[in-house]
Amino acid sequence: MEKGHQGELKSPKAAPGTSTPFSGTVTIFFSDIRGFTDYTERFGDEAAYRILREHNAIVRKQIEAFGGVVVKTQGDNFMVAFTTARGAILCAVAIQKSIAESDQNQAGPRIAVGVGINTGEPIQEGGDYFGSMVNLASRICAAAGPGQILIAETTQYVAGRIEAVDYVDRGLHELKGFPEAKRLCEVVWRQPGTGARAAAAVAPAVSEEDTAALTATVQRGIGVLNRILSVTHLDDPAFGPLIECQAKAGEFRLLLSRTMSERRGVGAKQIDEAIVPFESLLTLILERDKLTEERWAQFEARVTRTFGRPLVSAAARGRLAAGAAEKREHDAAAKQVEGSTVGPRVSVIQTLAPPAPDPRAAGVRWWTGAHAAWTQWKLSGIGWAHALRGELAKYPHLLGVHIRASADQAEAGLAGGYFLLLEHVENQSPAFMRTAVERAISAAGGSLEPRVLGPKLYELLVAGGRLRETYAVFVRDIVGTAIPNPGLWADAAVIEHEDATVVITRPTGTPGETEEQIDRLTEPKERVPGRLFELTLQPLTARFVYVKPGALKTPRNVEIKLAADGDPSDRAWYLTLKTGLVVRSEPRILPTEGVSVASLGKESAGAWVALFNPDPDEVVSYKLTVSVKQPKQQPAPKSSPFPPGPRPR
């Protein structure tokens, strides 16, 4: 049942002298029993009281276990504050599990609880919390169904991945009191480490007909999601709305694959409902010229509600292609317009099939590793941006290692991550991958010796991909896709707190190094000077530094400058994160005079700098200066000799 949170729930007494106007980041959790009033009317006060006591005991036990603080209660409603988003989510999961176990052991009516969670910086007064973020948590709880956990998008970003927990995007919701619809995610949990055999042992019996229906629905859903993951933007490979859509499709596909093996999570009806926005997007792409205005409006509304209007606009303009074949047809048409010669059309199978690895280059390990991964990706149908995120989640330091040294790293699959660079080169020079080995052998005078053939393949890679001119674009696309999630390995970081500046560096600076050197600076004279980071970049590599606020009440300004060989340099991209890590700016080239990022800790949740070395042969040393300063105080306005109101004439 829905209740307000202010003035309706019992609040603990605030300790004297502890009231402050604003708190730090807090996760607010609301829960209540669904249909409790109807239950009381139907079964009487005594039965309702028994249910309530059982519910309260379960909820309080789990809140205590996960470090929550009960802020207010009223009957079946709890408002709880957590210091971490993960703690709030895990507490909600534990409550739902405990209630489910309790329900299995009793006959008759059972408890069904809805939970809503939001993360932000509320107003705090004593032990109570107020403000729009608290209102939003209450409204999210009201939107949750029986046994459902709904969380705000911000909570999902802050919590990150949690073992045995999946996030299912439930689209935009119109919530009372909020002019704009809010995107909500459902938390779906599973038993960690369980497989088909263990799940089957505890799964309720289902008919063969139900199992067949679920199997068919899952297969259809996975087919739709695979098509979504193959969609490309004809002009912008890092088109943000499409990347987000494909990330959701990838997560949902993983959930569906587990549904059949573990017999848990979602039913056929839920899958059908969740797949509708993806099917609608495919319809807009594939049948753009055939839909009536009425049908277009129906599909447009579904896609807009789930993925936003920019994706609909791209589909309406014909900029989205549902697969590589359509994209190649577009590229071929573009070449014809430009007057170039295009050969006869080949079959779709021939068009899509990547070239098989040439065994003559097997000794060049960096090439074979990258080529094999590129071939596997091309056959998978997975979107470039989605694959990029998955690869950088495994090897966040990939760009710090030169491609020719990638096969010599401790991580066996690191060289495969450079399929990203091969695809960049293929886009610059179509069909490059089909002829590269043959051309390299010719340039090597027929030699297959890796020490001879390897350098020739690298020279072709540089020339064919015009990497000296386009490497910066490659890094931009990586940065624009991977930040803030999954993130990239960084050489250094500055974390600004109210009472200290924390500087994190790597003792050796070796890409992928996990050891950190942490210096906490508390003296004003130590904190005022800018931090100087000296970074040495191998050819065609990139390194990263970031700044973010810690426990910060007063916003700061950040100044960033780069120099190479003593001269100002612009060989870096920078982007800023908005508060809440949900929105970011597009990557921009760092001006040679430097850049200032305003209001760190208030409007900005951080800044990333991506230094790159586009030279294919030379090692370059950079000096990056990061200065965090308090904004200048504005002079107080001069007092007027006249009292308020119209001045005398």
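Throughout what follows, the structure given in this document is the object of discussion. (Residues numbered from 1 in each chain as written. Predicted model: local features only at pLDDT ≥ 70, side-chain atom pairs only at ≥ 80, totals over all residues. Heavy atoms only, no water.)

Describing the pattern of salt bridges
Piece 1. One pass over the structure, following the stated rule, counts 23 salt bridges.
Piece 2. A salt bridge links Asp32 to Arg34; the shortest N-O distance between them is 2.0 Å. Summarising the burial analysis for this pair, Asp32 and Arg34 share the class buried. (Salt bridge = Lys/Arg side-chain N within 4 Å of Asp/Glu carboxyl O. Buried < 20%, exposed > 50% of the residue type's maximum accessible area, 1.4 Å probe, protein only.)

Things to note about the packing of aromatic side chains
Piece 1. Scanning all chains against the criterion turns up seven aromatic pairs.
Piece 2. Both rings, one in Trp377 and one in Phe419, keep their centres 5.7 Å apart while their planes meet at 35°; by these two values the pair is tilted. A residue pair is termed long-range when its members are at least 10 positions apart, and Trp377 in helix 14 (residues 365-380) and Phe419 in helix 16 (residues 419-428) qualify at 42 residues. Just as Trp377 is buried, Phe419 falls in that class too.
Piece 3. Positioned above the aromatic ring of Tyr458 is the side chain of Arg404, whose terminal nitrogen or guanidinium carbon lies 5.4 Å from the ring centre. (Phe/Tyr/Trp six-rings, centres within 6.5 Å; stacked < 30°, edge-to-face > 60°. Helix = DSSP H or I, 4+ residues; strand = E, 2+ residues; numbered from the N terminus. Lys NZ or Arg CZ within 6 Å of the ring centre and 35° of its normal.)

With respect to the sheet that holds strand 7 (residues 149-152)
Piece 1. The strand order across the open sheet built from seven strands is 2-3-1-4-7-9-8, with neighbouring strands paired in mixed fashion. Edge positions in the sheet fall to strand 2 (69-74) and strand 8 (165-173), since each has one partner strand and no second. Strand-to-strand twist in this sheet, taken as the mean axis angle between neighbours without regard to direction, amounts to 20°.
Piece 2. Bridge count between strand 4 (residues 113-120) and strand 7: three bridges; the pairing is parallel. (Pairing = 2+ DSSP bridges. Axes fitted to C-alpha atoms, helices over the stretch in contact; angles between N-to-C directions.)

Focus on the pairing of strand 7
Piece 1. Of the two faces of strand 7, both are covered, the one formed by Ile149 and Ile151 as well as the one formed by Leu150 and Ala152.
Piece 2. Bridge analysis of strand 7 against strand 9 (residues 182-189) gives three bridges, and the strand direction is antiparallel. Bridge pairing in strand 9 places Leu150 opposite Glu186.

What about the nonpolar core?
Piece 1. Formed by 62 residues in total, the largest nonpolar core has its most connected members in Trp366, Trp367, Leu457, Leu461, Val475 and Phe544.
Piece 2. Here this core takes eight residues from helix 19 (residues 467-482), the largest share from any one element.
Piece 3. Not counting residues within four places of it along the chain, the set of residues in contact with Leu461 comprises Trp366, Trp367, Ile403, Leu421, Leu422, Val425, Phe432 and Leu467.
Piece 4. Listed in part, the 35 residues of the second largest apolar core include Val188, Leu225, Ile285 and Phe307. (Core = buried A, V, L, I, M, F, W, Y, C linked by side-chain atoms within 4.5 Å. Contact = heavy atoms within 4.5 Å.)

Observations concerning the packing of helix 17 (residues 432-443) against helix 18 (residues 450-464)
Piece 1. Put simply, helix 17 and helix 18 touch, their axes get as near as 9 Å, and they point 130° apart. If you check the angle between helix 17 and helix 18, you find them oblique. Of the two elements, helix 17 crosses helix 18, and the hand of that crossing is right-handed. Listed contacts from helix 18 to Phe432, Ala436, Val437, Arg439, Ala440, Ile441 and Ala443 of helix 17 are Leu453, Lys456, Leu457, Leu460, Leu461 and Gly464.
Piece 2. A per-class count over the contact of helix 17 with helix 18 returns 10 nonpolar, one polar and two charged. (Parallel < 35°, antiparallel > 145°, perpendicular 65-115°, else oblique. Left-handed = near helix turned anticlockwise from the far one by under 90°. Nonpolar A, V, L, I, M, F, W, Y, C, P; charged D, E, K, R; others polar.)

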